[in-house]
Amino acid sequence: MLEIIFTLLMLVLLQAVLGFDNLLYISLESKKAPVEDQKRVRKVGILIAIALRIVLLFVLVRIIGFFQEPFSWLTGNIEDVLNFAFNGHSLIVLAGGGFIIYTAIKEIWHMIGKVDLHESLDGEDKSRKSSNAVITSIVIMNLVFSFDSILAAIGLTSEIENSTTAFIVMAIAIILSGLMMLLLADKISVFLSKNRMYEVLGLFILFIVGIMLVTEGGHLAHLKIFGNEIVPMSKTTFYFVIVVLIITDIVQGRYQKRLIAEQEKISAKNERKQTNA
């Protein structure tokens, strides 16, 4: 019994750690929905994703070999340029990583692009999507993010002899982590709304998440380019890069405030000189 409780705690912790990037994606993606529907979109998307995660867990437990074994028709090489052996797992991770990179680049480009004056005055954003479209995006990406965490959960529960008990433990961990996401999603979205400057930081973190998934997918597919094997970005490297990005953003923000304050002092002195003259 103690072993089962310990495994459950480990699974919840694992889901919480691996769910950070998922939570960030949900917070950013939900902003594309109509303002009045954003809160509902986050809740519905997460609830549907929790249910589908349990279904995915049920499916993976029974056909896990299908996702791990390379497809014969997607295995081969192109002279000395490219070697590959794609399986179901690698294709899902590569597709998810590629989509996240595309989404991050598109949103960053939208931020630095020209702003339509009429769009700003009307308070409408042409990039907004319907609530159902946003919910669909959240659910799909939630499943992509959950794929690795479910496989890791299966590994953690491999020592539990009773398969039914192992499944129940994993299902409880998924539900608990989903409830945590429900509690935190609104808070993160509100924080990003009040601190718009951190949206750029969030998008770059999302971009790195995409790169991490692509490298992992390439590794799972045994990709070799010119004889060089694709090495996955480790979680340690990922979190180190995130910490560096956050520290850089904080330092840059404070330095910018200092420069603005000094510029205002200089402007005030010049105004006083002109007044005295």
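Look up: the structure comes first, before these words.
Residue indices follow the written sequence of each chain, beginning from 1 at its first position. Whole-chain, interface and lining totals are the exception, using all residues; otherwise, since this is a predicted model, local features are given only for residues with pLDDT of at least 70 and side-chain atom pairs are given and counted only at 80 or more. The basis for the side-chain values is all heavy atoms of the structure; hydrogens and waters are excluded.

1. A few points about a positive patch on the surface
1) Next: The grouping of Lys265, Lys269, Arg272 and Lys273 at the surface amounts to a positive patch.
2) Next: Counting through the fold element by element, Arg272 comes out in helix α9 (residues 235-276). Residues enter a patch when their relative accessible area is above 30% and they make no salt bridge; the linking distance is 9 Å between like charges and 5 Å between nonpolar side chains (Val, Leu, Ile, Met, Phe, Trp, Tyr). Accessibility throughout is a Shrake-Rupley quantity obtained with a 1.4 Å probe, and a residue counts as covered only by protein chains that appear here. For salt bridges, the criterion is a side-chain nitrogen of Lys or Arg within 4 Å of an Asp or Glu carboxyl oxygen. In this tally, Lys and Arg are treated as positive and Asp and Glu as negative; His is ignored, and so are the chain termini. By convention, the charge on Lys lies at NZ, on Arg at CZ, on Asp at CG and on Glu at CD. Numbering of helices and strands starts at the N terminus; helices are DSSP runs of H or I of at least 4 residues and strands are runs of E of at least 2.

2. Quick notes on the packing of aromatic side chains
1) Next: What counts as a ring pair is set by centres within 6.5 Å for rings of Phe, Tyr and Trp (its six-membered ring), and what kind of pair is set by the plane angle: stacked under 30 degrees, edge-to-face over 60, tilted for all other angles. All told, the structure shown has 3 aromatic pairs when counted by the stated rule.
2) Next: Seen from their ring centres, Phe71 and Trp73 are 5.6 Å apart, and the 20° between their planes marks the pair as stacked.
3) Next: Among the residues examined, Phe71 registers a relative accessible area of 13% and is labelled buried.
4) Next: Relative to Tyr239, the ring of Phe238 lies with its centre 5.1 Å away and its plane at 65°, an arrangement referred to as edge-to-face. Three exposure classes are used, based on accessible area relative to the maximum for each residue type with a 1.4 Å probe and protein chains only: buried under 20%, partly exposed in between, and exposed over 50%.

3. Considerations on the packing of helix α4 (residues 88-112) against helix α8 (residues 198-220)
1) Next: The N-to-C vectors of α4 and α8 enclose an angle of 155°; their axes lie 7 Å apart at closest approach. When the axis of α4 is compared with that of α8, the two are roughly antiparallel. Here α4 runs over α8; the crossing is left-handed.
2) Next: Asp, Glu, Lys and Arg are counted as charged, while Ala, Val, Leu, Ile, Met, Phe, Trp, Tyr, Cys and Pro are counted as nonpolar; the rest, among them Gly, fall into the polar class. Class assignment for the residues of the contact of α4 with α8 results in 18 nonpolar, 8 polar and 3 charged. Convention adopted: a line fitted to C-alpha atoms gives each axis, helices being fitted over their contacting stretch, and angles between N-to-C directions are expressed from 0 to 180 degrees. Angles below 35 degrees are treated as roughly parallel, those above 145 as roughly antiparallel, those between 65 and 115 as roughly perpendicular, and all remaining angles as oblique. Each helix crossing is assigned a hand: it is left-handed if the near helix lies turned anticlockwise from the far helix by less than a right angle, otherwise right-handed if that turn is clockwise.

4. As for α8
1) Next: Compared with an ideal rise of 1.5 Å per residue, which puts 23 residues at 33 Å, α8 spans 33 Å between its outermost C-alpha atoms and is within 8% of the ideal.
2) Next: Looking one or two residues beyond α8, the residue adopting positive phi is His222, at roughly 55°. Here a helix's expected span is defined as the number of its residues, less one, multiplied by 1.5 Å.

5. Points about the sheet that holds strand β1 (residues 75-78)
1) Next: By definition, two strands form a pair when at least two bridges between them are found by DSSP. As summarised here, the arrangement of the 4 strands in space is β1-β2-β3-β4, forming an open sheet in which the pairing is antiparallel. The two strands at the open ends of the sheet, each matched to only one other strand, are β1 and β4 (228-229).
2) Next: The pairing of strand β2 (residues 82-85) with strand β3 (residues 224-225) spans 2 bridges and is antiparallel. Its bridge partner lying in β3, Asn83 is registered against Lys224.

6. A few points about the pattern of salt bridges
1) Next: Summed over all chains, the structure comprises 3 salt bridges.
2) Next: Here Glu29 makes a salt bridge to Lys32, at a shortest N to O gap of 3.2 Å. This pair shows no difference in class: Glu29 is buried, exactly as Lys32 is.
3) Next: The closest approach of N and O atoms between Glu262 and Arg258, which form a salt bridge, is 3.4 Å. Residue Glu262 and its partner Arg258 are located together in helix α9, separated by 4 residues, close to a single helical turn.
4) Next: For Glu262, a relative accessible area of 37% translates into the label partly exposed.

7. Topic: the environment of Asn87
1) Next: In this fold, Asn87 is placed in the loop between β2 and α4.
2) Next: In sequence terms Asn87 and Thr75 are 12 residues apart; their C-alpha atoms lie 8.8 Å from each other.
3) Next: A 3.5 Å cut-off defines polar contacts: any pair of N or O atoms within that distance qualifies, except that in protein one atom must be a possible hydrogen donor and the other a possible acceptor, and neighbouring residues in sequence count only when both atoms are side-chain atoms. Only 2.7 Å separates the side chain of Asn87 from the backbone nitrogen of Ser90, close enough to count as a polar contact.

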